[in-house]
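Residue strings, one per chain:
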Amino acid sequence: GDVSEKDMRRIQIRETILSHFEKEEKLYNMGIKCLSLFFIDEVAKYRQYDEDGNALLGRYGEIFEQEYQAELLENQNKYDPEYMQYLSCIPVNKTHEGYFSIDPKTKRIKDSDEKKGAGSDDVSAYDLIMKDKERLLSLDPTYSPVRFIFSHSALREGWDNPNVFQICTLKPQSESEIRSRQEIGRGLRLCVNQNGERMDESVLGSEVQEL
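Just so we're clear, the structure is a prediction, and the values are computed from it rather than from any experiment.

Here we take up the pattern of salt bridges. Per the stated rule, a full pass over the model turns up eight salt bridges. Through salt bridges with shared partners, a single ionic network connects Arg-10, Arg-14 and Glu-67.

Formed by 24 residues in total, the largest nonpolar core has its most connected members in Phe-64 and Tyr-68. Of all the elements in the fold, those that place two or more residues in this core are helix H1 (5-28), strand S1 (35-40), helix H2 (59-75), helix H3 (81-88), strand S7 (148-151) and strand S8 (164-170). Looking at which element gives the most residues to this core, the answer is H2, with five residues. By size, the runner-up hydrophobic cluster in this structure holds 10 residues, among which are Leu-35, Phe-39, Leu-136 and Leu-137.

Okay, the side chain of His-96 next. Within the element layout of this structure, His-96 appears in strand S4 (residues 96-99). In this structure the side chain of His-96 is engaged in a polar contact, spanning 2.7 Å, whose partner is the side chain of Tyr-46. A distance of 2.8 Å separates the side chain of His-96 from the side chain of Glu-65, its partner in a polar contact.

Attention now moves to the sheet that holds S7. Taken in spatial order, the four strands of this open sheet run S4-S7-S1-S8, and their pairing is parallel. On the outer flanks of this sheet lie S4 and S8, each paired with one strand and no other. Put simply, the sheet's adjacent strands are angled 20 degrees from each other on average, direction ignored. Where H1 meets the sheet, it contacts S1, S7 and S8, and its direction lies at approximately 180 degrees from that of S8.

On to the confidence of the model for the chain, then. Across the chain, the average pLDDT comes to 82, with 80% of residues at 70 or higher. By mean pLDDT, strand S6 (residues 109-110) is the weakest element of the chain at 52, and H1 is the strongest at 96. Note on residues 115-122: pLDDT under 50 across the span, and 17 contacts to partners over four residues away in sequence or across chains.

About the criteria used
- Residues numbered from 1 in each chain as written.
- Predicted model: local features only at pLDDT ≥ 70, side-chain atom pairs only at ≥ 80, totals over all residues.
- Heavy atoms only, no water.
- Salt bridge = Lys/Arg side-chain N within 4 Å of Asp/Glu carboxyl O.
- Core = buried A, V, L, I, M, F, W, Y, C linked by side-chain atoms within 4.5 Å.
- Buried < 20%, exposed > 50% of the residue type's maximum accessible area, 1.4 Å probe, protein only.
- Helix = DSSP H or I, 4+ residues; strand = E, 2+ residues; numbered from the N terminus.
- Polar contact = N/O pair within 3.5 Å; in protein donor to acceptor, adjacent residues only side chain to side chain.
- Pairing = 2+ DSSP bridges.
- Axes fitted to C-alpha atoms, helices over the stretch in contact; angles between N-to-C directions.
- Contact = heavy atoms within 4.5 Å.
- pLDDT = per-residue confidence, 0-100.

See the structure below:
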């Protein structure tokens, strides 16, 4: 219908959080970390800087924290008590993070330079994701509270995480079918548990489809 882009993005973020909680509650009891990935078109919509260079939340970051807290307050009795105990140990400002390129001069994050046919120059983001992949999959909230990831570009070869269950695109739809498939390919794979064991048919049998 006749809805503003700002309202539409808020609804997308809200639905992603809701879907995340519903999936995560089931996965938590199976020892599987649930991650969600947001693609954005401008870093400034997630992270900004004040005159003194201090990092501030952008519009999407603010909306995320508002909707996350609202969902917890409204539906706290809907979820399993043990799962809610897990969530209570994770501050909202610690459970989301952005992985972006770093400007070597200012040391601030910046939009990735998408060169035609060359992928992304998002080297810092790539290294951080790859080095911390095992850490991201830990269910220990004191060791790894991040469950929601914001990225400007995650299409560099090798960037993926098997435990991304929700992918939300907060930008205009890609005109390239290949690019859309690449974005989906950043997650939505056969996940692993806390022991690094791939949750495939050999482990779960026919239940792998439900998972």
